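Take a look at the letters that make up each chain.
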Amino acid sequence: MHPFFKSFQYAFKGIQHGLLAERNFRFHALAIVIVTTAGVVTGLTATEWCIILILFGGMTALELINTAIERTVDLITNEIHPLAGQAKDLASGAVLIFAIFSAIIGLIIFIPKWFY
């Protein structure tokens with residue numbers, strides 16, 4: 001197999017691992033299903049779908065990066081070290097910030113369609 005195509009195989013393996021082994025990734029996948037269903041029922045515009053898709057991609061990618069950072073830190077040291085804890089906390093903080101702003105954007109898109 002050509003190395004270019006092999007890289008896709010590795011990427012899909014990482015996504016599969018995220019779905020099978022990571023509770024938070026599965027939570028985000030469920031949220032994607034729920035928001036997609038709500039978007040279809042609500043009748044989002046093409047622009048709104050583009051925004052939602054960017055949020056889906058950003059959230060899932062960030063969750064996978066967070067997991068990669070956690071795995072790397074765990075691989076490097078078994079000891080409790082302040083910098084190791086900070087690295088993990090910073091990565092999970094980035095995920096939380098993106099999740100909060102994604103939820104706010106979702107509310108900005110959906111609330112006017114549901115209540116006005």
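Attention here is on the structure that accompanies the text. (Residues numbered from 1 in each chain as written. Predicted model: local features only at pLDDT ≥ 70, side-chain atom pairs only at ≥ 80, totals over all residues. Heavy atoms only, no water.)

## Looking at a nonpolar patch on the surface
Then step 1. Side chains of Met-1, Phe-4, Phe-5, Phe-8, Phe-12, Ile-15, Leu-19 and Leu-20 sit close together on the surface and give an oily, nonpolar patch of about 890 Å² of accessible area.
Then step 2. Along the chain, the position of Phe-5 falls in helix α1 (residues 3-21). (Patch = residues over 30% accessible without salt bridge, like charges linked within 9 Å, V, L, I, M, F, W, Y side chains within 5 Å. Areas by Shrake-Rupley, 256 points an atom, 1.4 Å probe, with all protein chains shown as cover. Salt bridge = Lys/Arg side-chain N within 4 Å of Asp/Glu carboxyl O. Helix = DSSP H or I, 4+ residues; strand = E, 2+ residues; numbered from the N terminus.)

## Considerations on the side chain of Glu-22
Then step 1. Here Glu-22 lies in the loop between α1 and α2 (23-42).
Then step 2. Apart from the residues lying within four places of it in its own chain, the contact partners of Glu-22 are His-17, Thr-67 and Arg-71. (Contact = heavy atoms within 4.5 Å.)

## As for the packing of aromatic side chains
Then step 1. Under the definition given, this model contains three aromatic pairs.
Then step 2. Here Phe-4 and Phe-5 contribute two aromatic rings whose centre-to-centre distance is 5.3 Å and whose plane-to-plane angle is 75°, an arrangement assigned as edge-to-face.
Then step 3. For Phe-4, a relative accessible area of 46% gives the class partly exposed.
Then step 4. Judged by centre distance (5.0 Å) and plane angle (40°), the ring pair of Phe-110 and Trp-114 falls under tilted. Residue Phe-110 and its partner Trp-114 are both found in helix α4 (residues 82-115); the two are separated by four residues, about one turn of the helix.
Then step 5. For Phe-110, a relative accessible area of 6% translates into the label buried.
Then step 6. One aromatic cluster in this structure is built from Phe-4, Phe-5 and Phe-8. (Phe/Tyr/Trp six-rings, centres within 6.5 Å; stacked < 30°, edge-to-face > 60°. Buried < 20%, exposed > 50% of the residue type's maximum accessible area, 1.4 Å probe, protein only.)

## Examining the packing of α2 against α4
Then step 1. Put simply, α2 and α4 touch, their axes get as near as 11 Å, and they point 15° apart. Taken together, α2 and α4 sit at an angle that is classed as roughly parallel. The interaxial crossing formed by α2 with α4 has left-handed handedness. Where α2 approaches α4, its residues His-28, Val-35, Ala-38, Gly-39 and Thr-42 are matched on the opposing element by Val-95, Phe-110, Lys-113 and Trp-114.
Then step 2. Residues belonging to the contact of α2 with α4 are distributed by class as follows: five nonpolar, three polar and one charged. (Axes fitted to C-alpha atoms, helices over the stretch in contact; angles between N-to-C directions. Parallel < 35°, antiparallel > 145°, perpendicular 65-115°, else oblique. Left-handed = near helix turned anticlockwise from the far one by under 90°. Nonpolar A, V, L, I, M, F, W, Y, C, P; charged D, E, K, R; others polar.)

## Description of the nonpolar core
Then step 1. In this structure, Leu-44, Ile-52, Phe-56, Ile-109 and Phe-110 together form the largest nonpolar core, which totals five residues.
Then step 2. Every element with two or more residues in this core is listed here: α3 (46-76) and α4.
Then step 3. Apart from the residues lying within four places of it in its own chain, the contact partners of Ile-52 are Val-35, Leu-44, Ile-109 and Phe-110. (Core = buried A, V, L, I, M, F, W, Y, C linked by side-chain atoms within 4.5 Å.)

By themselves, these figures tell us nothing about what the structure is for.
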